[in-house]
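Residue-level structural notes
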Amino acid sequence: MEGLADVHLRRLLTAQGGFDWAVSEFVRVVDRAYPDRVFYNICPELLNGGKTDCGTPIRVQLLGSDSGAMAENARRAVELGSYGIDINFGCPSKTVNRRQGGAAMLKEPDSLYRIVNAVRRALPQQITVSAKMRLGYDDVSLMLDNACAIEAGGATEMTVHARTRLQGYAPPAHWDELARIKSAINIPLIANGDIWTVEDYHACVATSGTTDVMLGRGAVRSPDLASRIRQNKMTEAQWQVVRHLLIDFWHDIRKTLPEKDCAGRLKQWVNHLRKVHPDAEALWHEIRTEKQWPKLERLIEAA
Ligand SMILES: Cc1cc2nc3c(=O)[nH]c(=O)nc-3n(C[C@H](O)[C@H](O)[C@H](O)COP(=O)(O)O)c2cc1C
């Protein structure tokens, strides 16, 4: 997730267990092949065999509409160690959509086919090509055409965020539509959207008919959610356990990010955690206007 699930958070979340693989933030592909440093910046795990420290493989995500450039960048990302390629057809950002990227592509099933097929043909057969889409742009009228175009293009897996672009992030996620997609395609379908708890996971499986899910914000709010889904364990982790992760995260970003960015990243995560943990809510009120990092550090250590 761009600006959120970066290398630091991916390291911490995957270390809690339960993830088969994870996806990088997207590389915005315009019309050319990028130098290697672009891939290393977005996905530093490529310097670690394409895995997080605990061994979870990372797949580079590409976003763009120029099939030639998408194919060339896909090939390079895989050469550098990416665990397959994920193609983003879901991003709702106006800037991205204006330039024919992300969810804007959902208006044109033929373009989805062209892009997936170009990426597929650029990569060895054993390399996974997955695509992530929404239910549609304004509505679901092209939903099945889009899903079939992605499959026909040669994708080996498909993740669907169960909302249209127009629906943004407004609840609920429409898991029932995923069942329609599942019956129209023959490749694995990964359900996504509003899985916040183990109970949500079961409800999504029952409604969509697929057992594979992608966790986004749910894993940011409940870092052990993937692992608890595996164990069917409903109870949220204790705040003190999560607070230790937060302290670990803070020391990690303090070592690597520019000082001006650290406070914002910390607050961003606490802002997610407070939706689940009352102690994080209290911490949030203490840190939200604080800019001095020694003070922030004292506050999270005392929380
Ligand atoms: C801040 C933020 C950044 C995101 N960036 C990406 C991205 O780079 N690529 C992507 O495929 N989806 C991205 N998404 C969408 C999520 O992957 C996911 O589809 C969406 O949040 C719904 O799932 P959730 O309810 O589990 O969060 C982003 C979402 C958020 C909130």
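Note: the structure precedes this text.
Residues numbered from 1 in each chain as written. Predicted model: local features only at pLDDT ≥ 70, side-chain atom pairs only at ≥ 80, totals over all residues. Heavy atoms only, no water.

Thoughts on the sheet that holds strand S6 (residues 189–192)
- Strands sit in the order S1-S2-S3-S4-S5-S6-S7 across an open sheet of 7 strands; the sheet is parallel. Across the chains shown, the open sheet's two edge strands, defined by having one partner strand only, are strand S1 (22–28) and strand S7 (213–214).
- As paired strands, strand S5 (residues 157–164) and S6 are joined by 4 bridges and run parallel to one another. Residue pairing for S6: threonine 159 is matched across the bridge by isoleucine 190.
- Lying over the sheet, helix H6 (residues 143–153) contacts strand S3 (85–89), strand S4 (129–136) and S5, oriented at roughly 175° with respect to S4. (Pairing = 2+ DSSP bridges. Helix = DSSP H or I, 4+ residues; strand = E, 2+ residues; numbered from the N terminus. Contact = heavy atoms within 4.5 Å. Axes fitted to C-alpha atoms, helices over the stretch in contact; angles between N-to-C directions.)

Remarks on unusual backbone geometry
- In this chain, proline 171 is followed by proline 172 through a cis amide linkage whose omega measures 5°.
- Inspection of the secondary structure puts proline 172 in the loop between S5 and helix H7 (175–184).
- A positive phi angle, close to 60°, is found at glutamine 100, a residue other than glycine.
- With respect to the secondary-structure elements, glutamine 100 resides in the loop between helix H4 (94–98) and helix H5 (109–122).
- We note that aspartate 194 has phi near 60°; this positive angle belongs to a residue other than glycine.
- Considering the arrangement of structural elements, one finds aspartate 194 in the loop between S6 and helix H8 (198–208).
- Judged by relative accessible area, which is 12%, aspartate 194 ranks as buried. (Buried < 20%, exposed > 50% of the residue type's maximum accessible area, 1.4 Å probe, protein only.)

A look at the pattern of salt bridges
- For the structure shown, the criterion picks out 16 salt bridges.
- The salt bridge involving aspartate 20 is made with arginine 230; its shortest N-O contact spans 2.9 Å. Linking aspartate 20 in the loop between helix H1 (7–15) and S1 with arginine 230 in helix H10 (residues 225–231), this pair joins segments that are 210 residues apart in sequence.
- We classify arginine 230 as exposed; its relative accessible area is 52%.
- When the shortest N-O distance is used, the salt bridge between arginine 59 and glutamate 157 registers 3.1 Å. Of the two residues, arginine 59 is situated in strand S2 (residues 58–63) and glutamate 157 in strand S5; the sequence distance between them amounts to 98 residues. (Salt bridge = Lys/Arg side-chain N within 4 Å of Asp/Glu carboxyl O.)

So, the site of the ligand
- In the region of the ligand, 14 residues are neighbours, and Glu2, Gln61, Asn192, Asp194 and Arg217 sit closest.
- Lysine 132 places a side-chain nitrogen or oxygen 2.8 Å from an oxygen atom of the ligand.
- Side-chain polar atom of arginine 217 to an oxygen atom of the ligand: 2.7 Å apart, as the coordinates give it.
- Alone, the ligand offers 610 Å² of accessible surface; in the complex the protein occludes 85% of this.
- When atom positions are compared with the pocket grids, the ligand is found to occupy the largest pocket.
- Of the residues contributing to the shell around the ligand, the split by class is 4 nonpolar, 6 polar and 4 charged. (Near = heavy atom within 4 Å. Polar contact = N/O pair within 3.5 Å; in protein donor to acceptor, adjacent residues only side chain to side chain. Areas by Shrake-Rupley, 256 points an atom, 1.4 Å probe, with all protein chains shown as cover. 1 Å grid on protein atoms, 1.4 Å probe; cavity = no way out; pocket = protein on both sides within 12 Å on 5 of 7 lines; lining within 4 Å. Sits in = over half its atoms within 2 Å of the grid points. Nonpolar A, V, L, I, M, F, W, Y, C, P; charged D, E, K, R; others polar.)

Digging into the packing of H1 against helix H11 (residues 239–256)
- Running from amino to carboxyl end, H1 crosses H11 at an angle of 150°, the nearest separation of the two axes being 10 Å. On the basis of the axis angle, H1 is roughly antiparallel to H11. The two elements H1 and H11 meet at a crossing, and its hand is right-handed. Here His8, Leu9, Arg11 and Leu12 of H1 lie close against H11, whose contacting residues are Leu245, Asp248, Phe249, Asp252, Ile253 and Thr256. (Parallel < 35°, antiparallel > 145°, perpendicular 65-115°, else oblique. Left-handed = near helix turned anticlockwise from the far one by under 90°.)

Examining the pairing of S3
- Counting buried positions along S3 gives 5 out of 5 residues, so the element sits mostly inside the fold.
- Handedness of the β-α-β unit built from S2, helix H3 (residues 67–79) and S3 comes out right-handed.
- Pairing analysis gives 5 bridges linking S3 to S4, with the strands arranged parallel. What sits directly across from aspartate 86, in S4, is serine 130. (Right-handed = clockwise from strand over helix to strand, strands pointing away.)

So, H8
- For H8, every residue scored as buried is listed here: Val198, Asp200, Tyr201, Cys204 and Ser208. Buried residues of H8 fall within an arc of 155° about the axis and therefore sit on the same side.
- Residues of H8 that are buried sit in contact with H7, S6, S7 and H10.
- Just downstream of H8 lies glycine 209, where phi reads positive at about 85°. (Arc of directions from axis to C-beta.)

Examining the environment of aspartate 36
- Mapped onto the elements of the fold, aspartate 36 is located in helix H2 (residues 36–42).
- Taking the relative accessible area as the measure of exposure, aspartate 36 reaches 26% and is therefore partly exposed.
- With 44 residues separating them in the primary sequence, aspartate 36 and leucine 80 have C-alpha atoms 8.0 Å apart.
- In contact with aspartate 36, other than residues within four places in its own chain, are Arg76 and Leu80.

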